[in-house]
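Below are the chains, spelled out letter by letter.
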Amino acid sequence: MKEPLGLDSIAPGAAALYRRDLAVVAGIEKLRFFPLALESGHGSTLVEVGGRELIDLTATWTAAGLGHGHPRIVEAMTKAAKTPPGAGGLSAVHHESVGLAEELLAIVPGTGDRRVYLGHAGSDACDVALRAVRFNSGKHKLVVFSNSYHGGIGLAMAASGVHVDAGAVVADSDTAFVDYPNPFRPPTDGTDPLVATYSQVEALFAVGDVAAIMVEPMLADGGMVVPPPGFLKGIETLCRRYGVLLCVDEVKVGLGRPGMMHAFEIDGVIPDIVCFGKVLGNGLPISAAIGPAEIFDGPAAAALLTTAGNPICSAVAREVLKVIQEEDLVRRSARAGERIRAGFTSLNHPRIGDIRGHGLANGIELVTDKESNTPDGALASAVVYRAFELGVCVYRVGGNVLEVTPPLVITDQEIDRSIEIVNQAIIDAVAGKVSPEVLAGYAGW
Ligand SMILES: Cc1ncc(COP(=O)(O)O)c(C=O)c1O
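Definitions and limits used
Residues numbered from 1 in each chain as written. Predicted model: local features only at pLDDT ≥ 70, side-chain atom pairs only at ≥ 80, totals over all residues. Heavy atoms only, no water. Pairing = 2+ DSSP bridges. Helix = DSSP H or I, 4+ residues; strand = E, 2+ residues; numbered from the N terminus. 1 Å grid on protein atoms, 1.4 Å probe; cavity = no way out; pocket = protein on both sides within 12 Å on 5 of 7 lines; lining within 4 Å. Points joined across faces, edges and corners; volume = space filled by probe spheres on them. Nonpolar A, V, L, I, M, F, W, Y, C, P; charged D, E, K, R; others polar. Near = heavy atom within 4 Å. Polar contact = N/O pair within 3.5 Å; in protein donor to acceptor, adjacent residues only side chain to side chain. Areas by Shrake-Rupley, 256 points an atom, 1.4 Å probe, with all protein chains shown as cover. Buried < 20%, exposed > 50% of the residue type's maximum accessible area, 1.4 Å probe, protein only. Contact = heavy atoms within 4.5 Å.

Caption draft 1: Representation of the sheet that holds strand 13 (residues 392–393) within the structure. Strands sit in the order 1-2-3-13 across an open sheet of four strands; the sheet is mixed. Every interior strand has two partners, whereas the edge strands, strand 1 (38–42) and strand 13, have only one. With two bridges joining them, strand 3 (residues 53–56) and strand 13 adopt parallel strand pairing. Following the sheet pairing, Asp56 is matched in strand 13 by Cys393.

Caption draft 2: A look at the layout of surface pockets. When its volume is computed, the second largest pocket comes out at roughly 910 Å³. What lines the second largest pocket is a set of 29 residues, among which Val116, Tyr117, Leu118, Phe296 and Ala303 lie closest to the centre. Elements represented by at least two residues in the lining of the second largest pocket include exactly helix 3 (95–107), strand 4 (114–119), helix 4 (122–137) and helix 9 (293–296). A breakdown of the residues in the lining of the second largest pocket according to their chemical character gives 22 nonpolar, four polar and three charged.

Caption draft 3: Here's a closer look at the environment of Gly234. As for its position among the elements, Gly234 is in helix 8 (residues 231–242). As a C-alpha pair, Gly234 and Ser97 span 137 residues in sequence and 35 Å in three-dimensional space.

Caption draft 4: Spatial organisation of the site of the ligand. Inspection of the region around the ligand gives Ala121, Gly122, Ser123, Tyr149, His150, Gly151, Glu216, Asp221, Asp249, Val251, Lys252 and Lys278 as its neighbouring residues. Contact distances for the ligand include 3.1 Å between an oxygen atom and a side-chain N or O atom of Asp221. Measuring from a nitrogen atom of the ligand, one finds a side-chain N or O atom of Asp249 at 2.6 Å. For the ligand, the accessible surface in isolation is 380 Å², of which the surrounding protein chains cover 85%. Of the residues that constitute the shell around the ligand, the class distribution is three nonpolar, four polar and five charged.

Caption draft 5: Structural detail: the environment of Lys278. Among the secondary structure elements, Lys278 is positioned in the loop between strand 9 (273–276) and strand 10 (287–292). Owing to a relative accessible area of 27%, Lys278 belongs among the partly exposed residues under this scheme. Between the C-alpha atom of Lys278 and that of Leu255, which follows or precedes it by 23 residues, the distance is 9.6 Å. Residue contacts for Lys278: discarding those within four places in its chain leaves Trp61, Thr62, Ala63, Val251, Lys252, Gly283 and Ile286.

That is the geometry; function is a separate question.
Okay, here's the thing in C-alpha cells:
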C-alpha cells in the first residue's frame, strides 16, 4: 500500500510502527481514518506510541465496551489462562463455556428449548445464524436492510448492505434488501418511514419462502440511525403473521450500551434469535448466537471452529456480563448518553444536522447546512482526522456521521472534554485546516 501523508506529524515511533504495518499487514483488513499507532490503553484513554493520550470515543468499534485494561477482565483472563481446561469446546466440555451459555440464556428473553452457539466474532455469529435458519426451515430467502452490517465473511457479509454497496461482495442471490426507517431522512415522496419499510417487508414476506429477517436495532455502521419508536414491534408482528424468524443483531450496540441490557428491549420485542459479539469479550474474540434448539442443534458439526468456546474467552465473557451488572453500567450508559447528546446539542453548530442515540450508541450527523441537510462526508473525514490531531479518537459511519460510542466507563469529565475537542475539530475542519491530500490516504469506508 502507498504510504499516506501525515506520518511526519505524529511521534517518530508511532510513524515508524505505522510504516512497518503498511509493509506487512494485509490492506484488506484495514479501515483507517487517521494514522493511529497505539502503545497501550486504560479506561477510556488510548496511548499513542510516544506517550500522547487520546480520549477514546470508539471503544474500538464498541469491542472494548468496559474500557481498556479493565482490572476485573485482566484478572479473569489471567486466572483462566493459568490452568486452562483445554483450548476449545469442539470435542470436550468445560465449565466456562457451559457456564457462559447458561448465563446468556438467563439474560436473553425467550421461550422453549434454546441453545447458544459460541463463536469468535460478530461475523461468524451472524453467518451461522443465517445459515442455520435457512437450513432448518427449508426456506431459502432472507430479508435484511440496506446499509446494514452483519459481518465481514460468508453469508453475513453477502447480507450486509454496506459491503454490497461498496462492491466488496456480490449480494446473496436469495437475500432481499429493504430500507431502514430513518426519521432524519424519510422517503422523499412524503411516506412515513415506518409505513414505507413495513410495506416493503410485507410484500417480500407475502411472496413466501422467507426463512428470516435480520435487523440491527439501531443501524450502526450504516450511520447510527435510530429508528422510530415501535419499529421492531412492527417487524415482530409481521414475522409472527407470516411465520418468519426474527433475528436481532445486537453485536454492535447490545449488552448495556443502549442504556438497557439489550437494544431490542427498547421496543419490547422477543426475538427468535439474538447475536452478540464485540463487548462480549471486551477485546477478546468471542461471540454468541442464541435461538431455538431445533435451529442450533442440527445438523451436527455444521459450524466448527476449533477454539470456539475456549476457556479464556469464555471466562472473560462471563466476567464481562458480571461487571456490566455489578458496576451498574446499564444505568451509567443511559446517563452518560444523555450528557453526550445534551453536550452536542448545546454547541448549536450550524454543520451538525442531527444528534441521535440511545445510551452510549450515538450518531452526530454532519451536513453542509441545516436548510438542505445535505450529508457532508468530506467534512466528517476532516473532522475525525482533526479530532485525532487534537486528542480524540472518533470514527465515521454512513459517510457523514460521527459515531460516538465510548467505553461504558467513560467519566463526565472525559465526555465534556471530548465534546470541546470535537467542536474545535469541526471549526478547524470547516476552516480547511486538514488538507484533502492528507485525507486521501485515510479513505475509511
Ligand atoms: C451490527 C454488527 N453485526 C456484526 C458485526 C460483525 O462483527 P465483527 O466485526 O466483530 O465480526 C458488526 C461489526 O461491526 C456489526 O456492527
